[in-house]
Amino acid sequence: MTEKNLNTARVSIDSDNNAIIADRRDKLRVLREQGIAYPNDFYPKNSAADLHTRFSNFDKNALEEHALNVSIAGRMMLKRVMGKASFATIQDGTGQIQFFITPSNVGINVYDTFKKWDLGDIIATSGILFRTNKGELSVRCTGLRLLSKDIRPLPDKFHGLSDQEMRYRQRYVDLIVTPEVRQTFRIRTRSIASIRQFMTNAGFMEVETPMLHTIPGGATARPFITHHNALNMQMFLRIAPELYLKRLIIGGFDRVFELGRNFRNEGVSPRHNPEFTMMEFYAAYTDYRWLMDFTEQLIQQAALDAQGTMEISYQGRMLHLNQPFHRLTITGAIQKYAPEYNDTQLSNSDWLRAELLKLGVDTYDTSLRSANVGALLLALFEQIVETKLWEPTYIVDYPVEVSPLARASDEVPSITERFELFIAGREIANGFSELNDPDDQAMRFRKQVEQKDSGDEKAMYYDSDYIRALEYGMPPTGGCGIGIDRLIMLLTDSRSIRDVILFPHLRHED
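Quick notes on the rules
- Residues numbered from 1 in each chain as written.
- Predicted model: local features only at pLDDT ≥ 70, side-chain atom pairs only at ≥ 80, totals over all residues.
- Heavy atoms only, no water.
- Pairing = 2+ DSSP bridges.
- Helix = DSSP H or I, 4+ residues; strand = E, 2+ residues; numbered from the N terminus.
- Contact = heavy atoms within 4.5 Å.
- Axes fitted to C-alpha atoms, helices over the stretch in contact; angles between N-to-C directions.
- Buried < 20%, exposed > 50% of the residue type's maximum accessible area, 1.4 Å probe, protein only.
- Expected span 1.5 Å × (residues − 1).
- Patch = residues over 30% accessible without salt bridge, like charges linked within 9 Å, V, L, I, M, F, W, Y side chains within 5 Å.
- Areas by Shrake-Rupley, 256 points an atom, 1.4 Å probe, with all protein chains shown as cover.
- Salt bridge = Lys/Arg side-chain N within 4 Å of Asp/Glu carboxyl O.

(A) Structural detail: the sheet that holds strand S17 (residues 426-433). Taken in spatial order, the 8 strands make up an open sheet running S6-S10-S11-S18-S17-S16-S15-S14, and their pairing is mixed. Only two strands of the sheet have a single neighbouring strand rather than two, namely strand S6 (205-206) and strand S14 (326-329). Sheet topology note: the S17/strand S18 (residues 477-483) ladder contains 5 bridges and is antiparallel. Bridging across to S18, Ala429 finds its partner in Ile482. Relative to the sheet, helix H8 (residues 179-201) contacts S6, strand S10 (255-263) and strand S11 (275-284), its axis offset from that of S10 by approximately 150°. Where helix H17 (residues 484-491) meets the sheet, its contacts fall on S10, S11, strand S16 (418-423), S17 and S18, and the angle it forms with S17 comes to roughly 135°.

(B) Region of interest: the environment of Lys27. Tracing the backbone shows Lys27 in helix H1 (residues 3-34). For Lys27, a relative accessible area of 24% gives the class partly exposed. Each C-alpha atom of the pair Lys27 and Ile151 lies 9.2 Å from the other, and the pair is 124 residues apart in sequence.

(C) Molecular detail of H8. Look at H8: 33 Å from first C-alpha to last across 23 residues, which is about the 33 Å you get at 1.5 Å a residue. For H8, every residue scored as buried is listed here: Val181, Arg182, Thr184, Phe185, Ile187, Arg188, Ser191, Ile192, Ser194, Ile195, Phe198 and Met199. The first or second residue beyond H8 is Gly203, which carries a positive phi of 90°.

(D) Examining the environment of Ile122 more closely. With respect to the element layout, Ile122 can be found in strand S4 (residues 122-131). Beyond its immediate chain neighbours, meaning those up to four positions away, Ile122 contacts Gly74, Arg75, Arg145, Leu146, Leu147 and Ser148.

(E) Spatial organisation of a nonpolar patch on the surface. Nonpolar side chains collect at one region of the surface, where Tyr172, Leu502 and Phe503 lie side by side and expose about 340 Å² of accessible area between them. In this structure, Phe503 sits in the segment after H17.

In short, geometric facts, not functional conclusions.
Structural data, given as structure tokens:
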């Protein structure tokens, strides 16, 4: 359909909707004249899912013998008026169930009023549970009420809400008409509950640290800036809770985690949302090897609790989370997926810079113009390898210059004891043995400040209080951050991060 025809169709739909809305507002006006239009005195004792579960084995005769009284409410999704008997399918927060409505059971006045109700209205009934001749579990209504009038028409039941942007923008409508979306967010809830339980069972304490920071730290990212009026000071929405959580390790809590929102003032894409959910956890007397084993077990358990299996299908391709996760160095990964590169080339900064330029990477931008071999090698990895890492793979041995908070290797001081976990071509987790030498950390911060002064907006600030905290002594510690939204994408077979965030950020509607 051309843009002109699409716009014409939208105008037609809007015109039709305006007529429907006007008709429904007339019905609402009559309700207001008759009394309370939006009553709030009905308390359902049953839910659709509970009734289907509890009475799934009851046949028609068994239900008639028990004459079970129920009360239930929900949104009317289907309606069939058939003279002296009518049917309505309602949807509550758990599922759907059918109402059977006759004038002899609810009264002729209520029955005639029901016939004027619209799809989308929220209605309530009390009645007797039974099975129709076709075997469908239903409620024979003995009382029927309208609780909330739906003024705007729901999308066509056969086509649903087809405009993807509108689905994100009007998630409330998307949830009403798309069962798969409701299921996605139920899986999200189960996954997060599983993660919290796993952490608790492992002896971690859940904590809450500030969302408003005076110094944005814990990651290299551009922050959102705000202003505190009473204190007359600039503040930042947190980009990561890391430095506060490590202060708690210093304070004597040996195992802590926080599962919550972070904010980064950067681009929007199928993998990025400015506001996102992450879990960070820190354990004293551990290192990055322990973290990799622990993170692997956590993700496997989350998949098992959310989906009942550790072998899941993602975008038409299988993922085997029950297999040991692979481990590769950055150089090893490059040579595995691009064997034409040799050790000599991958250790030469001039060659790396030229190769990146061929691949379309501007190595003279603010973050790479002064980069040495390590940072250039990482940039090459991101260009040619990252999207190819389908099965769970830990990439290890990140260079010091791109890991300002990670402990350097005792054997090779130019690399750190750090990993990133990739699944289905995207980063899921980032962890490392924590740098607990205050002098080394102060030097790393100063280098970050130099990068910021040279124009790198993502570089870190110097956090003098964190250095002071380290000077009290932090035990050897391992820490990891897991992108919860990206993990949920895998567990729900979702293509975009917007599909697993209830209200993702979009451009202004106008």
